[in-house]
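Chain residues, written in single-letter form:
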Amino acid sequence: MTAQAQFAVCNQTLNVLNVAVGRYQYENFATSGWWTVGPNRCANVIDEVLSVRYVYVFAQDVFGKEIMSGATPMCIDTKRFDVVGDEDCLVRGFLEARFKEVDTFKSERWTLFIYPPS
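Since we're looking at a predicted model, the values are computed, not measured.

Asks: With reference to specific residues and values, describe the environment of L14.
Replies: With respect to the helices and strands, L14 occurs in the loop between β1 (7-11) and β2 (17-25). Given a relative accessible area of 77%, L14 falls into the exposed group. Spatially, the C-alpha atom of L14 lies 29 Å from that of E108, the residues being 94 residues apart in sequence.

Asks: Tell me about the sheet that holds strand β10 (residues 110-114), residues and numbers included.
Replies: In space, the three strands of this open sheet follow the order β4-β1-β10, with mixed pairing throughout. In this open sheet, the two edge strands, each paired with only one partner strand, are β4 (41-46) and β10. Taking the axes of each pair of neighbouring strands and ignoring which way they run, one obtains an average angle of 25° across the sheet. Across five bridges, the pairing between β1 and β10 is parallel. The partner of N11 across the bridge, within β10, is I114.

Asks: Requested: an account of the nonpolar core, with residues and values cited.
Replies: If you look at soluble globular proteins, the nonpolar side chains tend to sit buried side by side. Counting residues in each nonpolar core, the largest one holds 20 residues, and the members touching the most others are F7, V19, V45, V55, V57, L112 and I114. Breaking this core down by element, the ones donating at least two residues are β1, β2, β3 (28-37), β4, β5 (54-61), β6 (66-68) and β10. Among all residues touching V57, those that are not within four sequence positions of it are F7, V19, A20, V21, M68, F99, K100, V102 and L112. If you look at the next biggest cluster of nonpolar residues, it comprises 13 residues, including W34, Y56, F94 and F99.

Asks: Tell me what's going on with the pairing of β2, and back it up with residues and numbers.
Replies: Buried residues dominate β2, accounting for seven of its nine residues. Both β2 and β3 contribute to a ladder of nine bridges, which runs antiparallel. Looking at β3, one finds that Q25 is bridged to N28. Counting the residues that bridge the hairpin from β2 to β3 gives two residues, and of these Y26 lies at a positive phi of roughly 50°. Where β2 lies against β5, six bridges are found, and the strand directions are antiparallel. When the bridges of β5 are listed, G22 appears paired with Y56.

Conventions and cut-offs
Residues numbered from 1 in each chain as written. Predicted model: local features only at pLDDT ≥ 70, side-chain atom pairs only at ≥ 80, totals over all residues. Heavy atoms only, no water. Helix = DSSP H or I, 4+ residues; strand = E, 2+ residues; numbered from the N terminus. Buried < 20%, exposed > 50% of the residue type's maximum accessible area, 1.4 Å probe, protein only. Pairing = 2+ DSSP bridges. Axes fitted to C-alpha atoms, helices over the stretch in contact; angles between N-to-C directions. Core = buried A, V, L, I, M, F, W, Y, C linked by side-chain atoms within 4.5 Å. Contact = heavy atoms within 4.5 Å.

Here it is as structure tokens:
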């Protein structure tokens, strides 16, 4: 039996995107990345049933241009990462990015489509 994607990100742009996600986990915010998502492709970024209402997403193209960002500061790294906590990113050796809050309305599954910036 194959695992069902619980939170997928679909790239509707013409560029390859690098995607990071954040969510509240075990009394703290946690961020992970990177998923590389080709044009007109999707990536499963969270495999288990969603237990949180809000998922935070940050995406940039391969040149580092932000394609999806928001108002919520969280930690990222230049290479593959899993970071617990959203405070003191720079002091802890990480970069800070502003993630977009995605309201899943307490759904167990969600697909987010990223479109080209207008």
